[in-house]
Amino acid sequence: GMKNNEASFSSLALQRAAVSQANQALTEGQELGKINLTAKTRPAQLNQSQTKALSPEDGRRHRVLRIDATLSPRDPKAPGQFGRPVVVPHGKEKEVERRWKEGNFNVYLSDLIPVDRAIEDTRPAGCAEQLVHNNLPTTSIIMCFVDEVWSTLLRSVHSVLNRSPPHLIKEILLVDDFSTKDYLKDNLDKYMSQFPKVRILRLKERHGLIRARLAGAQKATGDVLTFLDSHVECNIGWLEPLLERVYLSRKKVACPVIEVINDKDMRCPVMAGGLFSIDKNYFFELGTYDPGLDVWGGENMELSFKVWMCGGEIEIVPCSRVGHIFRNDNPYSFPKDRMKTVERNLGRVAEVWLDEYKELFYGHGDHLIDQGLDVGNLTQQRELRKKLKCKSFKWYLENVFPDLKAPIVRASGVLINVALGKCISIRNTTAILEDCDGSSQLQQFNYTWLRLIKHGAWCLAPVPDNGALRLHLCDNRNKGLRWLHKSTSVFRPELVNHLVFGNYHQLLCLEGDFTQKTLKVAPCDPAKPDQKWKFENYYED
Ligand code: UD2
Ligand code: MN
């Protein structure tokens, strides 16, 4: 639902409320309905180019594309020009609310804004002067949609047509993923018939985003595939730097900056998923997406791991800017349960790509897969990974994502009872309290990311009936072995130094009894000092 009626449309897209610099020339043929974007009739932007040497060493000559002209609005008074906030008119609040669910965003306001509005040039300084090769590959834009809102779909297409050099666009493939809305049928055909480069591919049944993209890729005739969502706004000069990256290195997957992505982060371990350019042959060499992924979700992980681990790269290109409407919920239905679909997709990705780290994935959160969700047959995907001679996930973590703060071990060494100054020690299959001896193997524990207290392959856990401590064979998926300690997500902050076992309904804490030298779990009580524990070393706070 809607949070407040004054919601400005600017929050839905990339634009900031400022008018950009002077050189906005009104390109001819902009009148709606008169646009003809065949390469012949559109003034070739290359005419205004000049020749310059890009790098003195290689002496090659490159042409500067004129990519510095932001479109001026045909009607400067129309709402939303240059991303200026649009306020819901008085008395229209009900209508806004009613129409919100058509797209899970402010559809009413979107419809007020021209489909080819001007937007601010948000590129960093210097982008407009950058050189690109004059023989860049052509691209097929693949835009999948299911029941997309009319005005946002049109605005997406217009932004591509108006802000891309025509000779680089081989075609725009609109893949209709079995939409149910009437306006997306004849009306859309009719509207798009004015643009020779736009082709509509109608799927005969719901494919889901992932297989719909694959259907588009099969039909694409350009050298490079550029995937876009159906509610985007491409900014001036968005395409050339993407194609330049792919051209320079065919195993590079180039992503534009999307509003929420940090534009300083050049090396991108995982792409957002929706917007990227990839060499078409390379996409097929990589085995496309795993076609066994359903509907939505996880495909960005799959492709990202595959690209990095199998010899490619992903790069966010700061000069390429594309706005995207982010929303809280999918506006379309899932053929099966949404959670299960995404979990299953992620499960497939984990099983094929994560190696020993998949246990971390399974252990994290409440994954349905624990309860035996079937992820389907993985033979082909695993064979593909072998065939492509891909590196390990360990290599990926160490080389692509070294900043990832996910230590396997959170704390280690002796485990001290703070009040008693005594340490836990292993005796056969049970644990007791003893004088601390840091050199004794029997007192060494690891507290892991999955919240296990491990002594080698053995894990500390209470016996259900009497609460005494026992050693169990460790199992990352067994939630009955997990302890909360120093947890930032601890539900009771006063228990942060405790070793908390159990769930919300029955919180138990590890407690030491020095006279008996025993350990047990008992109802948590922050006032009891003998329930406070400390490991010798911590690796995070
Ligand atoms: C993000 C990605 C999206 C995709 C998704 C994970 C961005 C900006 N967006 O979610 O591209 O990677 O994460 O899977 O990075 N669609 C269909 N058929 C379907 C479902 C969706 O054609 O069954 C279309 C939909 O109309 C839209 C596109 O696929 O154009 C992506 O769907 P979304 O916008 O709901 O996904 P989003 O942006 O929340
Ligand atoms: Mn989207």
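Computed from a predicted model, the values in this text were never measured in an experiment.

Caption draft 1: Broad picture of the coordination of the manganese ion (ligand 2). Coordination sphere of the manganese ion (ligand 2), protein contribution only: D229 (OD), H231 (NE2) and H324 (NE2), at 2.2 Å. Site description for the manganese ion (ligand 2): donor spacing in sequence, D-x1-H-x92-H. One end of the pair, D229, is in the loop between β6 (224-228) and β7 (232-234); the other, H324, is in strand β10 (residues 313-324), and 95 residues separate them in sequence.

Caption draft 2: Here's a closer look at the nonpolar core. Ranked by internal contacts, the top residues of the largest apolar core, which has 53 residues, are I142, F276, I278, F283 and W353. Filtering out sequence-adjacent residues up to four positions away, I142 remains in contact with L173, V175, R213, G216, A217, A220, L225, T226, F227 and L228. Residues V115, L154, M192 and L275 belong to the second largest nonpolar core, which totals 35 residues.

Caption draft 3: A look at the environment of K528. Relative to the helices and strands, K528 resides in the loop between β21 (518-523) and β22 (533-538). You can call K528 partly exposed: its relative accessible area is 30%. Put simply, K528 and A419 are 109 residues apart on the chain and 9.0 Å apart in space, counted from C-alpha to C-alpha. For K528, the residues in contact, after removing those within four places along its chain, are H498 and E511.

Caption draft 4: Focus on the site of ligand 1. Around ligand 1, a shell composed of 22 residues is seen, among which D177, S230, G297, E299 and Y332 lie nearest. F145 is positioned with one of its backbone polar atoms (N or O) 3.5 Å from an oxygen atom of ligand 1. R206 places a polar side-chain atom, nitrogen or oxygen, 2.7 Å from an oxygen atom of ligand 1. If you list the elements that add at least two residues to the shell around ligand 1, you get β3 (139-145) and α5 (208-219). Take the shell around ligand 1: its biggest share by element is three residues, from α5. By residue class, the composition of the shell around ligand 1 is eight nonpolar, eight polar and six charged.

Basis of the calculations
Residues numbered from 1 in each chain as written. Chains lettered and ligands numbered in written order. Predicted model: local features only at pLDDT ≥ 70, side-chain atom pairs only at ≥ 80, totals over all residues. Heavy atoms only, no water. Donors = N, O, S within 2.8 Å, 3.2 Å for Na, K, Ca; no water. Helix = DSSP H or I, 4+ residues; strand = E, 2+ residues; numbered from the N terminus. Core = buried A, V, L, I, M, F, W, Y, C linked by side-chain atoms within 4.5 Å. Buried < 20%, exposed > 50% of the residue type's maximum accessible area, 1.4 Å probe, protein only. Contact = heavy atoms within 4.5 Å. Near = heavy atom within 4 Å. Polar contact = N/O pair within 3.5 Å; in protein donor to acceptor, adjacent residues only side chain to side chain. Nonpolar A, V, L, I, M, F, W, Y, C, P; charged D, E, K, R; others polar.

Take it as geometry only, folks, not as evidence of what the structure does.
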